[in-house]
Amino acid sequence: MLRTSASRVLDDSDRDEALALLDSDPVANVFVSSRVRTVGLNQARLGGQMWGFGPRGGLVSLCYAGANLVPVNAGPEAVHAFADRARKQGRRCSSIVGPADAVSLLWERLEPHWGRARAIRWAQPVMAISQKSPVPPDPLVRRVRPEEFDILLPACVAMFTEEVGVSPNLGDGGALYRTRVSELIRIGRSYARIEDGRVVFKAEIGAVTPFACQVQGVWVDPELRGQGFAVSGMAAVVEAALACFAPVVSLYVNDFNTPARAVYRKVGFHEVDTFMSVLF
């Protein structure tokens, strides 16, 4: 067995050092970086723990351990240390997600203790764009208004169920999910084309830092797919995100989702990394 130093639980005194590490790869780390920038490293505010590998002043890796387990800049020694802590703590997350090499090794060490996953997405290309799309944006895609929550929510639930394989309404009846959808609308990061009370296209900006933002929840009404709404809609979201949030817009997508990957390439996204997700 590989001998390594143990990981440690970080706190707000480690914030600057953690952010410096996260900012070394702003696209791959946008989700974790956004969380740290918003709430810091206090466990109560963070909704979990941030584990660090390396001494104070020499931090080399991180792992966000909340609703998701997300390794950051984690080589084999760091992965071993994080897996050891995760094994002792027991599974508290609904997924492991992050750079494919680290997640693959982390799961190899955790699977004997945590049991089988519900699903594994072995390869999820990370894609990015830093300029307006060459495709004309859909002029009808706009920010969703708070009073349109009840119109948008069914589309969000449908997207989540289709993408993840389970409904977000399981467990707590969907309370946390509804809160998240409402919050993204409130802060102006939910975009959609809505016609006569029907969501044609929608997407959200789920994470934002000064260096990058991440699009999530891209969805087109199944009856309207193949008509170009996704391409022009994403072009509109990219334009808005570049203007309002960050100089790089990113997302990640399942490798087997050929239509979505074709849409993103047409919009102007290019592949910059590969993620992997283990879903429970």
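Remember, predicted model here, so these are calculated numbers, not experimental data. Here, residues in each chain are numbered from 1, in the same order as that chain's written sequence. Predicted model: local features are reported for residues with pLDDT of at least 70 only, side-chain atom pairs are reported and counted for 80 or more only, and whole-chain, interface and lining totals are derived from all residues. Water and hydrogen atoms were dropped before computing side-chain values, which therefore reflect all heavy atoms in the structure.

1. As for the domain arrangement of the chain
Phase 1: If you check the domain split of the chain, you get domain 1 (8-116) and domain 2 (129-274).
Phase 2: Where each domain begins and ends follows an automated or database-derived domain assignment. Distance between the C-alpha centres of domain 1 and domain 2: 26 Å.
Phase 3: Across the contact, 14 residues belong to domain 1 and 14 residues belong to domain 2.
Phase 4: Accessible-area loss on putting two parts together, using a 1.4 Å probe and summing over both, is the definition of buried area adopted here. Between domain 1 and domain 2, roughly 940 Å² of surface is buried when both sides are summed, and carbon and sulfur atoms account for 71% of that area.
Phase 5: Looking at the side of domain 1 facing domain 2, the largest losses of area belong to Val27, Val30 and Arg37, adding up to 47% of the total buried there.
Phase 6: By salt bridge we mean one thing: a side-chain nitrogen of Lys or Arg within 4 Å of a carboxyl oxygen of Asp or Glu. Applying the counting rule to domain 1 against domain 2 returns 0 salt bridges.
Phase 7: Two N or O atoms count as a polar contact when they lie within 3.5 Å, although within protein this holds only if one can serve as hydrogen donor and the other as acceptor, and sequence-adjacent residues are included solely when both atoms are side-chain atoms. The interface formed by domain 1 and domain 2 includes 2 residue pairs in polar contact (both at pLDDT 80 or more).
Phase 8: For the side of domain 1 that touches domain 2, the secondary-structure elements that each account for two or more residues are helix 2 (30-39) and strand 5 (95-99).
Phase 9: Looking at the side of domain 1 that touches domain 2 element by element, the count peaks at 5 residues for helix 2.
Phase 10: Classifying every residue of the side of domain 1 that touches domain 2 by side-chain character gives 8 nonpolar, 3 polar and 3 charged. Should any heavy atoms of two residues lie within 4.5 Å, those residues are considered in contact. Helix numbers and strand numbers start at the N terminus; a helix is a DSSP run of H or I with at least 4 residues, a strand a run of E with at least 2. Any residue outside Ala, Val, Leu, Ile, Met, Phe, Trp, Tyr, Cys, Pro, Asp, Glu, Lys and Arg is labelled polar, Gly included; the first ten of those are nonpolar and the last four are charged.

2. What to know about the sheet that holds strand 5
Across a sheet, strands are paired by hydrogen bonds formed along the backbone, either parallel or antiparallel in direction.
Phase 1: Pairing is mixed in the open sheet, where 12 strands are placed in the order 1-2-3-4-5-12-6-11-10-9-8-7. Every interior strand has two partners, whereas the edge strands, strand 1 (8-9) and strand 7 (142-143), have only one.
Phase 2: Against the sheet, helix 4 (residues 76-89) contacts strand 1, strand 2 (49-53), strand 3 (61-65) and strand 4 (68-72), and its axis sits at roughly 145 degrees relative to strand 2.
Phase 3: Here helix 6 (residues 149-164) sits on the sheet in contact with strand 6 (119-129), strand 8 (190-195), strand 9 (198-208), strand 10 (213-220) and strand 12 (270-279), set at roughly 70 degrees to strand 9. Strands are treated as partners if at least two bridges between them are detected by DSSP. To obtain an axis, a line is fitted to C-alpha atoms, over the contacting stretch when the element is a helix, and the angle between two such axes runs from 0 to 180 degrees between their N-to-C directions.

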